[in-house]
Amino acid sequence: AAIVAIMLLPDKRAPQALWLGAVFFGLGIPVGIHSLLDKRPWIVLDEEGVWDRGLRRPRIPWDAIEDAYTGSVRGQAMFVCLVLKEDRAAEFAPSAWVARSNRLVGTEPLNLNAAPTGVDTEKLCMTVKLLAHLPREERANLLGMLAERTDALVHDN
């Protein structure tokens, strides 16, 4: 798109709009390359809780999670929707417009985005539900088993 905008620059009708398009889409190229090369985990499950890098929120402790279910977009499960305990929900609340947008699409205010992970959303949801209700010692055992089987949450093909 940036190349098309640059090719259209000699057209004298709206050069500011074309420059703006070229700069905007041109800046998307390094951001996209960075995302492709970034190998850090997107979602981290540990003994303390769950952390989603995309949420820009602190780790959500297991004792704050009451339930979880999968959220879909156009019939494809992409989110693990976290139902937080009422007394803990305010600690992890996203901005008002994010919460409102999530409610409009039928999900919780706080969701784990499984789309960029390559992980089976149903399996991730079941794992989150299980970890949220297990005692700490059993949680460590389950996480150890998951660490040994790196493909445990991946799609079955």
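The structure this text deals with has already been given above.
Residues numbered from 1 in each chain as written. Predicted model: local features only at pLDDT ≥ 70, side-chain atom pairs only at ≥ 80, totals over all residues. Heavy atoms only, no water.

Considering the overall build of the protein chain
Alright, step 1. A tally of regular secondary structure across the protein chain gives 5 helices and 6 strands.
Alright, step 2. Helices and strands in the protein chain line up, N terminus first, as α-α-β-β-β-β-β-α-β-α-α.
Alright, step 3. In the protein chain, buried positions account for 34% of the 157 residues.
Alright, step 4. Long-range contacts, defined as pairs at least 24 residues apart, comprise 53% of the intrachain contacts of the protein chain with a sequence gap of at least 6. (Helix = DSSP H or I, 4+ residues; strand = E, 2+ residues; numbered from the N terminus. Buried < 20%, exposed > 50% of the residue type's maximum accessible area, 1.4 Å probe, protein only. Contact = heavy atoms within 4.5 Å.)

Description of the sheet that holds strand β1 (residues 43–45)
Alright, step 1. Ordered by their spatial adjacency, 3 strands build an open sheet running β1-β2-β3, and the pairing between neighbours is antiparallel. Both outer strands of the open sheet, β1 and β3 (60–61), are each paired with one neighbouring strand and no more.
Alright, step 2. Where β1 lies against strand β2 (residues 49–52), 3 bridges are found, and the strand directions are antiparallel. Along β2, the bridge assignment pairs Val-44 with Trp-51. (Pairing = 2+ DSSP bridges.)

Comments concerning the nonpolar core
Alright, step 1. Membership of the largest hydrophobic core comes to 26 residues, with the highest contact counts inside it found for Leu-45, Val-50, Ile-60, Ile-65, Leu-82, Leu-124 and Val-128.
Alright, step 2. Listed by contribution, the elements that provide at least two residues to this core are β1, β4 (65–73), β5 (76–84), α4 (121–133) and α5 (136–148).
Alright, step 3. Top contributing element to this core by residue count: α4, with 5 residues.
Alright, step 4. Setting aside residues no more than four positions away along its own chain, Leu-124 makes contact with Ile-43, Leu-45, Val-80, Ala-114, Val-119 and Leu-153. (Core = buried A, V, L, I, M, F, W, Y, C linked by side-chain atoms within 4.5 Å.)

Topic: the side chain of Asp-46
Alright, step 1. Within the fold, Asp-46 resides in the loop between β1 and β2.
Alright, step 2. The exposure class of Asp-46 is buried, given its relative accessible area of 19%.
Alright, step 3. Among the polar contacts made by the side chain of Asp-46, one reaches the side chain of Arg-59 at a distance of 2.8 Å. (Polar contact = N/O pair within 3.5 Å; in protein donor to acceptor, adjacent residues only side chain to side chain.)

Focus: α4
Alright, step 1. If you check α4, its first and last C-alpha atoms are 19 Å apart, about what 13 residues at 1.5 Å a residue would give, namely 18 Å.
Alright, step 2. Taken together, the buried positions of α4 are occupied by Thr-121, Leu-124, Cys-125, Thr-127, Val-128, Leu-131 and Ala-132. Each buried residue of α4 sits inside an arc of 165° when the element is viewed along its axis, so together they form one side. Opposite its buried face, α4 presents the exposed residues Met-126 and His-133, each directed more than 90 degrees away.
Alright, step 3. Against the buried residues of α4 lie β1, β4, β5, β6 (111–113) and α5. (Expected span 1.5 Å × (residues − 1). Arc of directions from axis to C-beta.)

Re the environment of Asn-102
Alright, step 1. With respect to the helices and strands, the residue Asn-102 is situated in helix α3 (residues 96–104).
Alright, step 2. Asn-102 sits in the buried class, given a relative accessible area of 17%.
Alright, step 3. Separated by 21 residues in sequence, Asn-102 and Cys-81 place their C-alpha atoms 9.7 Å apart.
Alright, step 4. Among all residues touching Asn-102, those that are not within four sequence positions of it are Thr-107, Glu-108, Pro-109, Leu-110 and Asn-111.

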